[in-house]
Amino acid sequence: MLTYILRRILTMIPTLLVISVLVFVIIQLPPGDYLESHIAELQSQGESVDEQKIAFLREQYGLDKPMPQQYLKWLFGMLQGDFGYSFEYELPVTEVVGDRLFLTVLISIATILFTWMIAFPIGIYSATHQYSWGDYGLSTLGFLGLATPNFLLALVMLYFANVYFGTSIGGLMDPEYIDAPWSVDKLISILEHLWIPVVVIGTSGTAGMIRRLRANLLDELQKQYVITGRAKGLPPGKLLAKYPLRVALNFFVADIGNLLPTVISGAEIVAVVMSLPTTGPILLSALQSQDMYLAGSFLMFLALLTVFGVLVSDIALAMLDPRIRLGGGSK
Amino acid sequence: MSTPHFVSREPFDPHSIEALTPAQERYYRASQWQLMWWKLRRHRLAVICGVILALNYASIMFSEVIAPYNLHTRNTEFIYSPPQSIHLFHEGEFIGPFVYGRDYELDMDILKRNYPENRNLVQPLRFFCQGDSYRFWGLFEARFHLVCPPENGTFFLLGTDRLGRDMFSRITYGARISLTIGLVGIIISFAFGIVIGGLAGYYGGWVDASVQRLIEVIRSFPELPLWMALSAVLPVNWSPILIFFGITVILALLDWTGLARAVRSKLLSLREEDYCSAAELMGAKPGRIIGRHLLPGFMSHLIASATLSVPAMILGETALSFLGLGLRPPVTSWGVLLNEAQNINVVALYPWLLYPVVPVVLVILTFNFFGDGLRDAADPYK
């Protein structure tokens, strides 16, 4: 088991390296370096430019050096916890990111739990009642969730939540709690707001999950051990819960890898619409103002989150399913 | 005495012992594509969705004719006008399709424009008529429309926006961009997928390993932030058309991975087949072997899976344009239209600005169902 985890972590390293190269290329894509555009912007607004600070930053991030060297500098900076400097906020990126990343993680986990709660019963029902009206109806419902643009659903739900439940519009808690210390009321306020993004993001991933679970379970249901069980007279409910469902459960954990990118993508855009204090709005504004180091670090964080999430799900899967760690070991 | 060996002198016709019914014969002789068509035809939902899609795509050829107004016609007296419904009967009397005229009043409390229906103004719609003049596909002047607003009246089936532009017309024009962006994108990602997946599958070894890694990386990345980053990079001074192509390429850049994987895994097994070795021994070049001998064997699968990835692109464009990172006016897509509905006030006061979402959902649903049917039909020999 330990060797499996170790090997899994080792394969993560090249993946992250490639991602970092991709992100760096994106950071460098806009013409000129970001200091130049920043200076130009300041000057066009008639503000003065702090030459010394610019020179210091240029030195700090090696902007006068060739590309590969800049990349290495950026990479090693990140390894030491220096993710660059945001010009919009005039703060190191890590300070801007702060809690926002935590909230993104919180929403993502809540969304995955929600997706599971919805997809699990529907998937089982669809597989055991294949081609029934319920199967068709629920699949269509799932598809409808997939087809509705997240941002619009968020907007509409925000409105109706405000009209019917009096939830304040935007944000993750009522305004009076924003700077308040943690309390039960604050937690309740957060929960009142959290369900909307969770439901909205959840709808886009649920359809895929239902379909994959259904296909998986259908495969299991046709296997011989199910027929044997049925032949010796096991009641259908017990048979289902005892064998095929447990096999399909493994898949549930494994499917995080498919779900996570969708969830994080969805979280970004929904956060923009609902102005949640997560990474979404800042990423958007960083991109719009071409504050590329901030944007790049965000991309890097999000990728890290995904890769790490997949790692956790892989390890959980290996714990659940001996075939995986043993199969991996014999390779 | 053994019986003499007897051979009939009659010419032997093998068909005489295993005669095929005409139906069987038709089936056995049918080409792969014919079989696929027959199989697809049995999938009722897929066919219906295919027809809806075909109609949608046909409509973009004649957007100018279908739309009662032009894309940019402003009706300044009718800003944020709610939808007008079509009536057939006026006070129990059959008149044919008509709309009631509108009055205008300003609600001074909330400064909202109201357009109450004037039940005395019966304005019959005109069909196959001369209306706003337009340049058909930018080629020649014409004024012919399917439906025109009544004389001295208006016809806003889905209301108007903040400049008094007819939403229905704008949605009709928007289809042109939104629907083509998916198709153009899929063509680009198809090319990427076949070339990269083909190289990986045919050569194997380190080429394969590195392509696999790259695909893994791209797939593990949340799509939308990456799309956002790439489209933010597009230069501001590009013309809207260039931006359109830029966005398409960006959408395609992340989409080819699924196709490349399919191509690779198929090629890995197919390249061991005898016919492939035969072609190799005869001196065919890798490009020819892949393109001429291997690809046609699973082209149908590729097309089916490509169909299934169009919706993601259409949604992607919608999301990007909604955020203001995608297409920019005057290019009008459904996403650009929804960009105006960003505000919560819109949901409360002018909900008809959300209508562009209806065609988005419809097209995505139909693409999914059609693609599903296509995938089932893709292997007709099963």
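These numbers come from a predicted model, not from an experiment. (Residues numbered from 1 in each chain as written. Chains lettered and ligands numbered in written order. Predicted model: local features only at pLDDT ≥ 70, side-chain atom pairs only at ≥ 80, totals over all residues.)

> Would you mind going over the overall build of chain B in detail, with residue names and values included?
Secondary structure assignment for chain B yields 15 helices and seven strands. Against the 2.2 N^0.38 benchmark of 21 Å for 382 residues, chain B shows a C-alpha radius of gyration of 29 Å, more extended than a compact globule. A principal-axis box enclosing the C-alpha atoms of chain B has dimensions of 115 × 55 × 40 Å. A total of 382 residues make up chain B; the buried ones form 38% of that total. Expressed as a percentage of contacts within chain B between residues at least 6 apart in sequence, the contacts between residues at least 24 apart total 72%. (Helix = DSSP H or I, 4+ residues; strand = E, 2+ residues; numbered from the N terminus. Rg over C-alpha atoms; globule rule 2.2 N^0.38 Å. Buried ≥ 20, exposed ≤ 12 C-beta atoms within 10 Å, placed from the backbone. Contact = placed C-beta atoms within 7 Å.)

> Which residues make up the overall build of chain A, and what values do they have?
Of regular secondary structure, chain A possesses 15 helices and two strands. Here the C-alpha coordinates of chain A stretch approximately 85 × 60 × 35 Å along the principal axes. Each of the 331 residues in chain A was classed as buried or not, and the buried ones make up 37%. Pairs at least 24 apart in sequence give 72% of the contacts found in chain A among residues at least 6 apart.

> Requested: an account of the interface of chain B and chain A, with residues and values cited.
In this assembly, 33 residues from chain B lie in contact with 36 residues from chain A. Going through the elements one at a time, helix H6 (205–220), helix H7 (223–233), helix H12 (299–323), helix H14 (344–349) and helix H15 (357–377) of chain B are the ones with two or more residues in the side of chain B that touches chain A. Looking at which element gives the most residues to the side of chain B that touches chain A, the answer is H7 of chain B, with nine residues. Of the residues assigned to the side of chain B that touches chain A, the class counts are 27 nonpolar, three polar and three charged. (Nonpolar A, V, L, I, M, F, W, Y, C, P; charged D, E, K, R; others polar.)

> An account of helix H14 (residues 292–320) of chain A is requested, with residue identities and associated values reported.
Spanning 29 residues, H14 of chain A covers 42 Å between terminal C-alpha atoms, matching the ideal 42 Å at 1.5 Å per step. Most of H14 of chain A sits inside the fold, with 21 of its 29 residues counted as buried. (Expected span 1.5 Å × (residues − 1).)

> I'd love a proper account of the pairing of strand S2 (residues 93–102) of chain B, names of residues and values included.
Residues and elements named next belong to chain B. Looking at chain direction, strand S1 (residues 87–90) and S2 are connected through three bridges and run antiparallel. Counted as the bridge partner of Phe 89 is Phe 94 from S2. Between the antiparallel neighbours S1 and S2 lie two residues, among them Glu 91 with a positive phi of about 50 degrees. Here S2 pairs with strand S5 (residues 117–124) via five bridges, running antiparallel. (Pairing = 2+ DSSP bridges.)

> Pulling in residues and values, what's your account of the domain arrangement of chain B?
The domain boundaries assigned to chain B delineate domain 1 (84–155) and domain 2 (169–378). Domain 1 of chain B and domain 2 of chain B are separated by 39 Å when their C-alpha centres are compared. (Domains from an automatic or database assignment.)

> So what about the confidence of the model for chain B? Which residues, and what values?
Across chain B, the average pLDDT comes to 83, with 99% of residues at or above 70. Both scores are available for the predicted complex, with the pTM at 0.82 and the ipTM at 0.79. (pLDDT = per-residue confidence, 0-100.)

> Got a sec to walk through the nonpolar core? Specific residues and values, please.
Within soluble globular proteins, side chains that are nonpolar tend to cluster in buried spots. With 162 residues, the main nonpolar core has Ala 154 and Val 270 of chain A together with Met 228 of chain B as its most contacted residues. When residues are assigned to domains, this core turns out to be shared by domain 1 (84–155) and domain 2 (169–378) of chain B, each giving three or more. Residues in contact with Met 228 of chain B, not counting those within four places in the same chain, are Leu 283, Leu 284 and Leu 287 of chain A together with Leu 320, Leu 323 and Leu 325 of chain B. (Core = buried A, V, L, I, M, F, W, Y, C linked by C-beta atoms within 7 Å.)

> Please provide a residue-by-residue account of the environment of Thr 172 of chain B, values included.
All names here are of chain B. Looking at where Thr 172 falls in the secondary structure, it is placed in helix H5 (residues 167–203). Linking Thr 172 and Ser 31, residues 141 residues apart in sequence, is a C-alpha distance of 38 Å. Each residue touching Thr 172, except ones within four places of it in the same chain, is listed here: Ser 59, Ser 63, Ile 66 and Ala 67.

> I'd love a proper account of the packing of H14 of chain A against H7 of chain B, names of residues and values included.
Between H14 of chain A and H7 of chain B, whose axes approach to 10 Å, the crossing angle comes to 160 degrees. Between H14 of chain A and H7 of chain B, the crossing angle belongs to the class labelled roughly antiparallel. Crossing angle aside, the handedness with which H14 of chain A passes H7 of chain B is left-handed. Counted together, Ala 295, Leu 299 and Leu 302 of chain A of H14 of chain A and Pro 225, Leu 226 and Ala 229 of chain B of H7 of chain B form the full contact between these two elements. Partitioning the contact of H14 of chain A with H7 of chain B into residue classes produces six nonpolar, no polar and no charged. (Axes fitted to C-alpha atoms, helices over the stretch in contact; angles between N-to-C directions. Parallel < 35°, antiparallel > 145°, perpendicular 65-115°, else oblique. Left-handed = near helix turned anticlockwise from the far one by under 90°.)

> Now, about unusual backbone geometry: what can you tell me, with residues and values included?
Residue and element names in this part refer to chain B. Backbone geometry at Tyr 80 places phi at a positive 50 degrees, although glycine is not the residue there. Looking at the element boundaries, Tyr 80 is found in the loop between helix H4 (63–66) and S1. Positive phi outside glycine occurs at Phe 128, with the angle close to 45 degrees. For Phe 128, the position within the fold is in strand S6 (residues 126–136).

> Describe the environment of Gly 201 of chain B, with residues and values.
Residue and element names in this part refer to chain B. Turning to its location among the elements, Gly 201 is positioned in helix H5. In this structure Gly 201 comes out as buried when scored by C-beta crowding, with 25 C-beta atoms within 10 Å. Taking the C-alpha atoms as reference points, Gly 201 and Lys 266, 65 residues apart in sequence, are found 7.6 Å from one another.

> Give me the lowdown on the sheet that holds S1 of chain B, citing residues and values where you can.
Residues and elements named next belong to chain B. Within the open sheet, the three strands sit side by side as S1-S2-S5. Their pairing is antiparallel. Each end of this open sheet is capped by a strand with a single partner; those strands are S1 and S5. The mean angle between the axes of side-by-side strands here comes to 70 degrees, regardless of whether they run parallel or antiparallel.

> Could you give an account of the confidence of the model for chain A, with specific residues and numbers?
Considering every residue of chain A, the mean pLDDT works out to 79; 91% of them sit at 70 or more. Taken element by element, chain A is modelled with least confidence in helix H15 (residues 322–329) of chain A, mean pLDDT 61, and with most confidence in helix H9 (residues 224–231) of chain A, mean pLDDT 89.

> Now, about the pairing of strand S7 (residues 140–148) of chain B: what can you tell me, with residues and values included?
Bridge analysis of S6 of chain B against S7 of chain B gives seven bridges, and the strand direction is antiparallel. Bridge pairing links Cys 129 of chain B to His 145 of chain B in S7 of chain B.

> Quick one: what's the story with helix H7 (residues 150–165) of chain A, residue by residue and with numbers?
Look at H7 of chain A: 21 Å from first C-alpha to last across 16 residues, which is about the 22 Å you get at 1.5 Å a residue. For H7 of chain A, the elements touching its buried residues are helix H8 (184–221) and helix H12 (256–274) of chain A together with H12, helix H13 (334–339), H14 and H15 of chain B. Gly 166 of chain A occupies a position one or two residues after H7 of chain A and carries a positive phi of about 70 degrees.

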